[in-house]
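# Structural description and commentary
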Amino acid sequence: LYTSKDFLPLVAKASKPGMCACKSQLPEVGRHVVVLGAGDTAFDCATSAFRCGAKRVTIVFRRNWSDMRAVEEERELALKEQCDFIPNALPKKVVTNDQGKVTHLEVARYEQLEDGKYSEDADTVYLLRCDTIISAYGCTTGAIKEALKPLEFDTAGLAVVTPQMQSEKEPKVFCGGDLTGAHMTVEAANDGKTAAWHMHAYLQKKHGEKVSEKPELPLFFSPIDAVDISIEMCGVRFPNPFGLASAPCSTSADMIRRAFEAGWGFAVTKTFTLDNHLVTNISPRIVRGTYGHKYGPGQPGFLNIELITEKSAKYWCQAIRELKQDFPDRIIVASLMVPYNKDEWQLITEYAVQSGADILELNLSCPHGMGEVGMGLACGQDAELVRNITKWVKEVAGNIPVFPKLTNNITEIAVIAKSAMDGGADGVTAINTMSGVMDLNGKGEAWPKVGKSKLTTTGGISGDVNRPLGLRAVGVINRLLPDLPIMATGGVSSADSTIQYLHMGASVVQICSSIQNQDYTVIEDYITGLKAHLYMLGRGDFKQEGWDLQTPPFKHDGTELGELPPFGSFEKQRLEIRKQRLAETDIQSLPMADDAPYRGEVKVPALKELVGTSRKAYLRMHNDLPREDQVLAKIHHDICINCGKCYMTCNDNAYQAITFDPETHFANVVEDKCTGCGLCLAVCPVPNCIEFVPRPEDKPFVPDRGLL
């Protein structure tokens with residue numbers, strides 16, 4: 001005879017061998033188990049009874065089938081498990097034999113009357129044969145009801161409360177969970193959240209404080225949340241370094257408004273021009289990158305043939321004014337474009353300055369469409385034009401910082417950045433999208449197909465595929481012009497990629513493609529990730545060897561177990577070794593994880609301290625790289641999955657320096673042939689499986705010159 005509170009913990013303990021030092025066994029329940037009750041817990045007991053060896057499980061409950069409290073999913077599972085059901089049955093007495101063992105359950109018919117109440121039929125009492133009885137009735141609430149007076153209850157025994165979980169007659173009393181009819185723990189938890197907010201609102205309003213009509217429970221707070229990720233660039237303070245690029249994500253003022261509400265630190269408007277240069281876009285114009293047959297979100301890149309905004313300069317100037325009024329702490333960058341004409345550049349600049357924009361971005365890099373009419377790329381590929389346009393704009397921009405947006409569709413972007421600086425630029429944006437064409441299908445047709453003739457054109461490639469190009473561009477600009485501020489864009493899709501750009505010399509980043517893969521809410525992950533990174537930089541315990549601030553140091557298994565592959569007869573040997581180790585190990589004596597909070601000093605660096613650190617420390621010309629520090633690949637068998645990828649790529653693309661054991665299927669490096677090229681690591685699907693180690697002193701690297 002069990003209650004559900006006794007039975008289920010016993011099953012749980014015995015269901016996870018090795019996790020509990022007590023070595024619990026499943027309860028012995030016999031052939032036939034009767035479960036009393038029809039709630040979710042009762043059904044858990046019924047299905048668990050089968051796991052304990054029962055051949056038959058019968059669920060006995062007092063109400064009709066339609067009044068069963070369990071959720072539909074639990075009922076369906078019990079039906080699939082082939083449980084028996086006896087509704088309208090009132091348990092009367094447990095019958096035992098001389099040894100005190102359960103043999104029967106005495107049950108009476110329990111009928112529902114016309115008024116909805118239930119009544120026992122004393123003439124229909126019968127015995128139900130069983131070996132084990134598990135009581136899973138809900139808890140009684142009599143004592144709780146007494147304590148909650150004067151809270152009222154209805155005829156069904158449920159508390160009379162509003163949707164806010166507040167008593168209708170006693171406003172200072174809130175109630176939820178079982179007392180209001182919640183069937184599941186998750187529902188009770190939600191009642192608690194709802195009540196907590198409205199308790200807060202009740203108390204605040206009682207003292208004359210204003211409270212939002214929409215519940216806004218605070219998020220979990222930790223020292224990471226207190227990290228400051230603001231940064232100053234050209235005298236402008238950014239609340240965080242994440243901003244919308246001049247792209248589809250900034251198509252309208254309403255969209256920028258929603259982005260600011262989500263937490264973005266700044267936004268670049270969609271590029272606008274004078275009314276005599278307004279454009280009309282074609283459709284379709286934005287497609288997924290066909291770098292592989294991957295559909296849905298998570299695209300590594302996109303291609304677009306979208307032009308600048310279709311909205312007027314008047315619209316955008318009004319939008320900037322309204323956004324600055326509503327979000328004074330957020331930074332708005334006005335993106336401008338006109339042909340190579342001094343009067344027009346200065347006129348559009350005056351409009352933007354009068355609107356209250358914080359920074360001006362000169363779009364000299366749009367790689368499609370606009371260059372054909374003398375704008376965008378047509379200006380940005382010529383160093384003299386970039387210098388002159390920048391100079392014209394600076395003449396009327398006043399104290400507003402000016403950032404020409406540069407193209408990477410050129411021989412050397414740093415040369416163009418130097419011309420912009422010579423023209424008076426306060427900084428530059430790098431890079432715009434790269435020119436390209438998406439794949440052709442089997443019919444030779446490209447995508448996007450425009451019009452009935454299915455035409456296409458070159459477009460701009462964006463997303464993660466551009467990040468190596470963007471990092472290189474930011475790095476070489478920072479190396480040539482270390483004091484020139486940079487807004488980076490191109491493949492920023494995480495806090496991690498943001499940090500990479502900061503390390504190469506950028507101060508803030510602009511983002512679009514990752515938003516296209518999801519929505520504005522990605523900012524939450526970016527902010528938390530960057531704060532966590534800075535926090536970990538400030539903690540001394542994260543500076544141990546091998547910790548890269550992403551994952552802790554990896555420890556390989558150097559025992560005989562690590563040299564046995566996980567298949568065939570080898571797997572049997574592995575199991576025997578593990579069994580022996582488990583038998584020899586006292587689980588309770590194993591060291592526990594140190595969950596104590598960190599008490600040491602935390603010196604969180606300012607975000608600006610990251611800017612350019614990697615470029616200064618590591619970025620060099622190829623001829624400046626050391627050739628005496630040669631390495632070898634080392635393959636760790638303890639986590640090798642025997643896929644053979646390293647062997648195949650080395651054999652047909654490198655130096656035939658890896659062998660593949662026909663019995664163990666382990667790959668092994670031939671030191672005399674390995675040149676440490678890195679291709680094996682590039683294709684290995686298992687992190688930490690391959691690493692590079694210094695060559696032995698007695699085996700120096702000697703290049704194979706072929707014939708001399």
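In this report, we go over the structure that sits alongside the text.

## As for the overall build of the protein chain
Scanning the protein chain from terminus to terminus reveals 19 helices and 26 strands. Principal axes of the C-alpha set define a box for the protein chain whose edges measure 105 × 75 × 65 Å. When each of the 708 residues of the protein chain is scored for burial, the buried share is 44%. The contacts of the protein chain with a sequence gap of at least 6 include a subset with a gap of at least 24, amounting to 67%. A total of about 38800 Å² of accessible surface is found on the protein chain, and carbon and sulfur atoms cover 52% of it.

## Describing the sheet that holds strand E8 (residues 132–135)
The strand order E1-E8-E2-E3-E4 describes an open sheet built from 5 strands, whose pairing is parallel. The open sheet has two free edges, formed respectively by strand E1 (2–3) and strand E4 (84–86), since each of these has just one partner strand. Bridge analysis of strand E2 (residues 32–36) against E8 gives 4 bridges, and the strand direction is parallel. In the strand pairing of E8, valine 35 is matched with isoleucine 134. Relative to strand E3 (residues 56–60), helix H2 (residues 40–51) is tilted by about 170°, and along the sheet it contacts E2, E3, E4 and E8.

## Side note on the packing of aromatic side chains
Enumeration over the complete set of coordinates arrives at 14 aromatic pairs. Residues tryptophan 65 and phenylalanine 85 carry aromatic rings whose centres are separated by 5.0 Å and whose planes lie at 80° to one another, so their mutual orientation is edge-to-face. Here tryptophan 65, found in the loop between E3 and helix H3 (72–80), pairs with phenylalanine 85, found in strand E4; they are 20 residues apart in sequence, far enough to count as distant. Seen in terms of ring centroids, phenylalanine 174 and tyrosine 202 are 6.2 Å apart; in terms of plane orientation they differ by 65°. Their pairing is edge-to-face. Placement of the pair is phenylalanine 174 in the loop between helix H4 (142–147) and helix H5 (185–206) and tyrosine 202 in helix H5, with a sequence separation of 28 residues. Residue phenylalanine 174 is classed as buried on the basis of its relative accessible area, which comes to 14%. A network of ring pairs unites the aromatic residues Phe43, Phe61, Trp65 and Phe85 as a single cluster. One residue, arginine 288, lies across the ring of tyrosine 295, its end atom 3.9 Å from the ring centre. Here lysine 311 stacks its cationic end above the ring of tyrosine 315, 5.5 Å away from the centre of that ring.

## Notes on the packing of H2 against H3
It is the contact of H2 with H3, at a shortest axis distance of 10 Å, that shows an interaxial angle of 25°. Compared by their axis directions, H2 and H3 come out roughly parallel. For H2 against H3, the interelement crossing comes out left-handed. Together, Asp40, Phe43, Asp44 and Thr47 of H2 and Glu74, Arg75, Leu77 and Ala78 of H3 make up the contact between the two elements. Counted by class, the contact of H2 with H3 contains 3 nonpolar, 1 polar and 4 charged residues.

## A word on the pattern of salt bridges
For the structure on display, the rule yields 23 salt bridges. We note a salt bridge from arginine 285 to glutamate 306, for which the minimum N-O separation is 2.8 Å. In this pair, arginine 285 sits in the loop between strand E12 (266–268) and strand E13 (286–288) while glutamate 306 sits in the loop between strand E14 (302–304) and helix H7 (313–326), placing the two residues 21 residues apart along the sequence. Here lysine 418 ties to aspartate 422 by a salt bridge, and the two come within 3.0 Å at their closest N and O atoms.

## Looking at the sheet that holds E14
Spatial ordering of the open sheet is given by E13-E14-E20-E19, a layout of 4 strands whose pairing is antiparallel. Since the sheet does not close on itself, it has two edges, and those belong to E13 and strand E19 (434–436), each with one partner. Each strand axis lies, on average, 35° off the axis of its neighbour in the sheet, ignoring direction. Where E14 lies against strand E20 (residues 459–462), 3 bridges are found, and the strand directions are antiparallel.

## Considering helix H10 (residues 383–397)
Because an α-helix packs 3.6 residues into every turn, residues spaced three or four apart end up facing the same way. Here H10 spans 21 Å end to end across 15 residues, near enough to the 21 Å set by a 1.5 Å rise per residue. Burial in H10 covers these residues: Leu385, Val386, Asn388, Ile389, Thr390, Trp392, Val393 and Ala397. Its side-chain oxygen 2.9 Å from the backbone nitrogen of glutamate 384, aspartate 382 forms the N-cap of H10. Taken from the residues just after H10, glycine 398 is the one with a positive phi, measuring 65°.

## Section: the side chain of histidine 636
Within the secondary structure, histidine 636 is located in the loop between strand E23 (631–635) and helix H18 (645–653). Overall, the relative accessible area of 9% leaves histidine 636 in the buried class. When neighbours within four sequence positions are excluded, histidine 636 is seen to be in contact with His556, Asn688, Cys689 and Glu691.

## Considering the environment of lysine 149
Considering the arrangement of structural elements, one finds lysine 149 in the loop between H4 and H5. The class of lysine 149 is exposed, set by a relative accessible area of 56%. When the C-alpha positions of lysine 149 and alanine 667 are compared, they lie 74 Å apart, and in sequence the two are 518 residues distant.

About the cut-offs
Residues numbered from 1 in each chain as written. Predicted model: local features only at pLDDT ≥ 70, side-chain atom pairs only at ≥ 80, totals over all residues. Heavy atoms only, no water. Helix = DSSP H or I, 4+ residues; strand = E, 2+ residues; numbered from the N terminus. Buried < 20%, exposed > 50% of the residue type's maximum accessible area, 1.4 Å probe, protein only. Contact = heavy atoms within 4.5 Å. Areas by Shrake-Rupley, 256 points an atom, 1.4 Å probe, with all protein chains shown as cover. Pairing = 2+ DSSP bridges. Axes fitted to C-alpha atoms, helices over the stretch in contact; angles between N-to-C directions. Phe/Tyr/Trp six-rings, centres within 6.5 Å; stacked < 30°, edge-to-face > 60°. Lys NZ or Arg CZ within 6 Å of the ring centre and 35° of its normal. Parallel < 35°, antiparallel > 145°, perpendicular 65-115°, else oblique. Left-handed = near helix turned anticlockwise from the far one by under 90°. Nonpolar A, V, L, I, M, F, W, Y, C, P; charged D, E, K, R; others polar. Salt bridge = Lys/Arg side-chain N within 4 Å of Asp/Glu carboxyl O. Expected span 1.5 Å × (residues − 1). Polar contact = N/O pair within 3.5 Å; in protein donor to acceptor, adjacent residues only side chain to side chain.

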